[in-house]
2 protein chains.
Amino acid sequence: MQRLDIKSALTRREAAKKPPEDKSPCSACSVRHLTVCAALDESELAEVSAISKTIELAAGGPLFDEGEKASNLYNVTAGTIKIYKLLSDGRRQVTGFLFPGDFVGLANESLYAYSAEAVTVCTVCRFSRRELEPLLDRHPKMERRLLGMASHELAAAQEQMLLLGRKTAKEKIASFLLSLSQRAQDRGQSGNPVTLAMSRTDIGDFLGLTTETVSRTFTHLRSAGVIVLHPGGKVEIPGINRLREISEGL
Amino acid sequence: MQRLDIKSALTRREAAKKPPEDKSPCSACSVRHLTVCAALDESELAEVSAISKTIELAAGGPLFDEGEKASNLYNVTAGTIKIYKLLSDGRRQVTGFLFPGDFVGLANESLYAYSAEAVTVCTVCRFSRRELEPLLDRHPKMERRLLGMASHELAAAQEQMLLLGRKTAKEKIASFLLSLSQRAQDRGQSGNPVTLAMSRTDIGDFLGLTTETVSRTFTHLRSAGVIVLHPGGKVEIPGINRLREISEGL
DNA sequence: CGTGAAGTTGAGTATGCTCAACGGTGGTGG
DNA sequence: CCACCACCGTTGAGCATACTCAACTTCACG
């Protein structure tokens, strides 16, 4: 799946080398319907293409760091990105995983409030903040869309606060699997089995648990027959309704 | 302070009864510079006035409930509001406290993703979503401001996730006090002593702790001479730098 | 096939929770 | 006006969930 996306990203880059034509490279974007670029017409897409640049990241590669000047915004087009914050002693909280179509880099202040790093090989579209803002002024439709995406993220953040503050380890893992499954389905991929692209450490840092507890809880759910762990981070969920109950503490 | 704000709200309502004049009631809004209405000119303010209604809430009064149709948006002008989510067994996570100037009710989907309830006596400005949206279309400046406020809330949500997932009880309480102090200062009020308008239960539900642990931790910080507890929920912070260290685990 | 990172499992522990009791306070009704 | 009651906050004792430290296994990669 990653390999496939990289291939399409390369195709997009080749298109960018060609002289201007009636179709912009963004026209071919396979995740456009999920992004801030949804519902733009051809001429608007061309404007966006003109100020965007496709970037590839190796697994583990940094996109930006907390405290850095927030001069760019990014659209994920392939792969998985994690965003996180650190405490001075190294404790880490992953505040989100980003998948194709997700937007990253919004910062009200001039500095990024968190770090972003590729979990897998990734492709992202980069926009300079300076160039994007006037474009947003001219296209309220796009700004409205951005506000909608920010509201959506805000709702997700609140759901995550509920998880972090009030759920048990078992409920956290169950909620996490269901959320990954849902997001895969939103992208037209399989929601079952679901693929975990990230490490146990990343999952722990996302759920407010240690890797040991994450591992033990997976084992526990496996013993209970709710999930089956396959190689390559694939998790089959035969008991998806049971998992839903567990995620809500029933 | 609450009493004062209520008085100004009444003044505002009286103004609304008068025939149209060159100054809209919003002109007198004491927290406008903090709100989405900042940087609007007189004619724009008049438009906003026309579709807003001032509402008063008793302490404990509900503003809206999770799952309700999100037909209104609100601007807090006086008092403290809490927003929260519930699990089916009654576990609660307070996801935020709102103070004058804060905006509440953004919902990407058509339903509210959380409940909102007055902590103290409150005054809020109500906008119908249906009426506000066309106004935003005509005033990109206002929409940009809204996006900025949403980004700011997103950053705060991430900071809160770090707190919930990775901080100890002591660090949580210290961070909480500092954040309240900062927000009071942003509103031109005293940052020290800071007033806790909410109950221990609300604080616990915000920080992912029980009331007992909140209480014990306050006692501990008091014994350590970092804070002094005064009647009326006032907390004096003689050791504010020590509190900063504690909040980061030093 | 060797090496190092990632994942799993186990034993013991600590932080924060549960359950319980008690003091203070504010609102209510006799 | 005062007694009563409910609620809030505080404190204590015991306990459980998830953490720490450690060993071992599995897996990916050279």
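Just so we're clear, the structure is a prediction, and the values are computed from it rather than from any experiment.

Draft legend 1. How the structure looks around the environment of N72 of chain A. All names here are of chain A. Mapping N72 onto the fold places it in strand 3 (residues 72-78). Judged by relative accessible area, which is 17%, N72 ranks as buried. As a C-alpha pair, N72 and G105 span 33 residues in sequence and 6.7 Å in three-dimensional space. Setting aside anything within four residues of it in sequence, one finds N72 in contact with G105, Y112, R126, F127, S128 and R129.

Draft legend 2. Local environment of the protein's contact with DNA strand C. As a matter of local geometry, DNA strand C sits amid 15 residues, with S215, R216 and T219 of chain A together with A169 and T213 of chain B nearest to it. Within 4 Å of the protein, the contacting atoms of DNA strand C are drawn from sugar and phosphate to the extent of 62%. Between DNA strand C and R200 of chain A there is a distance of 2.8 Å, counted from a phosphate oxygen to a side-chain nitrogen or oxygen. Side-chain polar atom of T210 of chain B to a phosphate oxygen of DNA strand C: 3.1 Å apart, as the coordinates give it. Going through the elements one at a time, helix 7 (211-223) of chain A together with helix 7 (211-223) of chain B are the ones with two or more residues in the surface near DNA strand C. The element contributing the most residues to the surface near DNA strand C is helix 7 of chain A, with 5 residues. The class makeup of the residues in the surface near DNA strand C is 2 nonpolar, 7 polar and 6 charged.

Draft legend 3. Up close: the domain arrangement of chain A. Residues and elements named next belong to chain A. Domain boundaries in chain A define domain 1 (2-156) and domain 2 (167-247). Taking the mean C-alpha position of each, domain 1 and domain 2 sit 26 Å from one another. With 15 residues of domain 1 at the interface, the matching set in domain 2 holds 12 residues. The interface formed by domain 1 and domain 2 contains 5 salt bridges. In this structure, D102 and R183 form a salt bridge, with 2.7 Å as the shortest nitrogen-oxygen distance. On the surface where domain 1 and domain 2 come into contact, there are 10 residue pairs in polar contact (both at pLDDT 80 or more). Residues belonging to the side of domain 1 that touches domain 2 are distributed by class as follows: 7 nonpolar, 5 polar and 3 charged.

Draft legend 4. Local environment of the packing of helix 5 (residues 169-186) of chain A against helix 7 of chain A. All names here are of chain A. The interhelical angle for the contact between helix 5 and helix 7, taken along N-to-C directions, is 75°, at an axis separation of 10 Å. Comparing the axis directions of helix 5 and helix 7 gives the class roughly perpendicular. Within the contact between the two elements, helix 5 uses A169, K170, I173 and L177 and helix 7 uses T213, V214, T217, F218, H220 and L221. Of the residues assigned to the contact of helix 5 with helix 7, the class counts are 6 nonpolar, 3 polar and 1 charged.

Draft legend 5. How the structure looks around the sheet that holds strand 4 (residues 81-86) of chain B. All names here are of chain B. Pairing in this open sheet of 4 strands is antiparallel, and the strands run 2-7-4-5 from one edge to the other. Since the sheet does not close on itself, it has two edges, and those belong to strand 2 (62-64) and strand 5 (92-98), each with one partner. Averaged over all neighbouring strand pairs, the angle between strand axes comes to 30°, with direction disregarded. Strand direction decides the pairing type here: strand 4 and strand 7 (residues 115-118), joined by 4 bridges, are antiparallel. Paired with I81 across the two strands is A118, which belongs to strand 7.

Draft legend 6. Fine view of the protein's contact with DNA strand D. Contacts to DNA strand D come from 14 residues, most closely from T213 of chain A together with R200, S215, R216 and T219 of chain B. A share of 63% of the atoms of DNA strand D within 4 Å of the protein falls on sugar and phosphate groups. In this structure, R200 of chain B approaches DNA strand D through a side-chain N or O atom, which is 2.8 Å from a phosphate oxygen. Only helix 7 of chain A together with helix 7 of chain B provide two or more residues apiece to the surface near DNA strand D. Looking at the surface near DNA strand D, the element that brings in the most residues is helix 7 of chain B, giving 4 residues.

Cut-offs applied
- Residues numbered from 1 in each chain as written.
- Chains lettered and ligands numbered in written order.
- Predicted model: local features only at pLDDT ≥ 70, side-chain atom pairs only at ≥ 80, totals over all residues.
- Heavy atoms only, no water.
- Helix = DSSP H or I, 4+ residues; strand = E, 2+ residues; numbered from the N terminus.
- Buried < 20%, exposed > 50% of the residue type's maximum accessible area, 1.4 Å probe, protein only.
- Contact = heavy atoms within 4.5 Å.
- Near = heavy atom within 4 Å.
- Polar contact = N/O pair within 3.5 Å; in protein donor to acceptor, adjacent residues only side chain to side chain.
- Nonpolar A, V, L, I, M, F, W, Y, C, P; charged D, E, K, R; others polar.
- Domains from an automatic or database assignment.
- Salt bridge = Lys/Arg side-chain N within 4 Å of Asp/Glu carboxyl O.
- Axes fitted to C-alpha atoms, helices over the stretch in contact; angles between N-to-C directions.
- Parallel < 35°, antiparallel > 145°, perpendicular 65-115°, else oblique.
- Pairing = 2+ DSSP bridges.

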